[in-house]
Amino acid sequence: MTLALRALATAAAALLAVTAVSPAARAEPEPKAPPEFVDLRSVDPTIITEMRYTTAHTFMGEAVDGYRQPLCILTRPAALALRTAQRGLLRQGYSLKVYDCYRPQRAVDHFVRWAKDLDDQTMKDEFYPLVDKTRLFEDGYIAEKSGHSRGSTVDLTLVKLPALPTRPYVPGEDLAPCYAPKDQRFPDSSVDMGTGYDCFDTLSHTDDPRVQGVQRANRQFLGATLTGLGFVNLSEEWWHFTYKPEPFPDTFFDFPVARRSVAGH
C-alpha cells in the first residue's frame, strides 16, 4: 500500500509540473528574419511608407494576418537599390512611397481564405468592381504563393514633394472604383497612375493602351527610375517591382512584419 501511494504521489507531482508550464512556454518561438533582411527605414528614412495591409483599407476590408507593425522589410540589396532611386528622385522633387514589401506566407494564406469565401464582397465596389470573385484565382489576382514572401519584391508609387498627408480610411465609407478619376478615388498623396493601388482590373496593367497622357508618363517615370537599378516590373501591376538577382529566389518566408523580426540587423 505504501509503495502504491508513493507511486501515485509521484505521478501526481509529475502531472502538476507539466500543467504548470504556460502555453507561451510550450509554444515554439516565432521565426525571425535572416540577417540579410532589414527595415527600409534603417537604410533610407526619407522613403514614405504607407503600409496598407496593417489597416482595414485593403481589398478584404480588414488588416492582413502577419502584419504587426507598419514597416517595410526587404532584403538588404533591394533596400539599398531603393535608396539609390530615392536619392535621384529627391533631386527632381519626388519621393518613393511603399505600400507593401516583404509579405509573410500567413498573409498570402489569408488572401486565399478570403478569395474562397464568395459571400464576402465587402470591398468589391472599390477594388474589383468588374471582376467576378469566382475568377480571382483563374485571372491571377490571387495565388497560393507570392514573390513578396521571398523578400525582394515591393509595391510602390511616386509622390510629388512636398508630400501631402493621407487621411485615415473610415471602415464602411462609400468609395469610388479604383479606376475612377483621381479626384474621385480614395485620396492618396501619390501622382496619378490611372488606378489606385491593388486595383483588380486590366487598367492596372503597366502598358495598358487605354492609359495615356500624364498617367502613362508617370508609370514610365517610375519604371525607368527602378529598372535601371535592377528591378523588374510585373506587367499586370504598375506598382509591383522585384529586385534581381534575388538573394532568396526559392524561399517563401513566414516571419511576421514586426520590428522584432529584424532586430539587430
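Residues numbered from 1 in each chain as written. Predicted model: local features only at pLDDT ≥ 70, side-chain atom pairs only at ≥ 80, totals over all residues. Heavy atoms only, no water.

(A) Molecular detail of the confidence of the model for the protein. In this model, the protein carries an average pLDDT of 92, and 90% of its residues clear a pLDDT of 70 or more. Predicted confidence for residues 1-25 stays below pLDDT 50, and this span has 2 contacts to residues more than four positions away or in other chains. (pLDDT = per-residue confidence, 0-100. Contact = heavy atoms within 4.5 Å.)

(B) Seen up close, the pairing of strand β7 (residues 240-243). Side chains His240 and Thr242 project from β7 onto one buried face, and the interleaved Phe241 and Tyr243 project onto a second face that is buried too. Pairing of strand β5 (residues 153-160) with β7 involves 3 bridges; the strand directions are antiparallel. What sits directly across from Val154, in β7, is Phe241. In this structure, strand β6 (residues 231-233) lies alongside β7, joined through 3 bridges in antiparallel fashion. Bridging from a neighbouring strand, Val232 pairs with Thr242 of β7. (Buried < 20%, exposed > 50% of the residue type's maximum accessible area, 1.4 Å probe, protein only. Helix = DSSP H or I, 4+ residues; strand = E, 2+ residues; numbered from the N terminus. Pairing = 2+ DSSP bridges.)

(C) Region of the structure containing the pattern of salt bridges. Under the counting rule described, the total for this entry stands at 18 salt bridges. We note a salt bridge from Arg68 to Glu30, for which the minimum N-O separation is 2.7 Å. Placement of the pair is Arg68 in the loop between β2 (48-49) and β3 (73-75) and Glu30 in the loop between α2 (23-26) and β1 (37-39), with a sequence separation of 38 residues. Residue Glu30 is classed as partly exposed on the basis of its relative accessible area of 29%. With a shortest N-O distance of 2.8 Å, Arg167 and Glu173 are connected by a salt bridge. Look at Arg167 and you get partly exposed, because its relative accessible area is 36%. By sharing partners, the salt bridges in this structure join Glu30, Arg68, Arg106 and Asp254 into a single network. (Salt bridge = Lys/Arg side-chain N within 4 Å of Asp/Glu carboxyl O.)

(D) The sheet that holds β7, seen in detail. Strand order in this open sheet of 5 strands is β2-β4-β5-β7-β6, and the pairing throughout is mixed. Of all the strands in the sheet, just β2 and β6 have a single pairing partner and so form its edges. Here β2 runs beside strand β4 (residues 94-100); their pairing, made up of 2 bridges, is parallel. What sits directly across from Thr49, in β4, is Val98. The sheet contacts of helix α7 (residues 213-227) involve β4, β5, β6 and β7, and relative to β5 the element is tilted by about 125 degrees. (Axes fitted to C-alpha atoms, helices over the stretch in contact; angles between N-to-C directions.)

(E) Representation of the pairing of β4 within the structure. Burial within β4 is extensive, with 7 of its 7 residues counted as buried. Strand direction decides the pairing type here: β4 and β5, joined by 6 bridges, are antiparallel. Within β5, the position partnered with Ser95 by the bridge is Val159.

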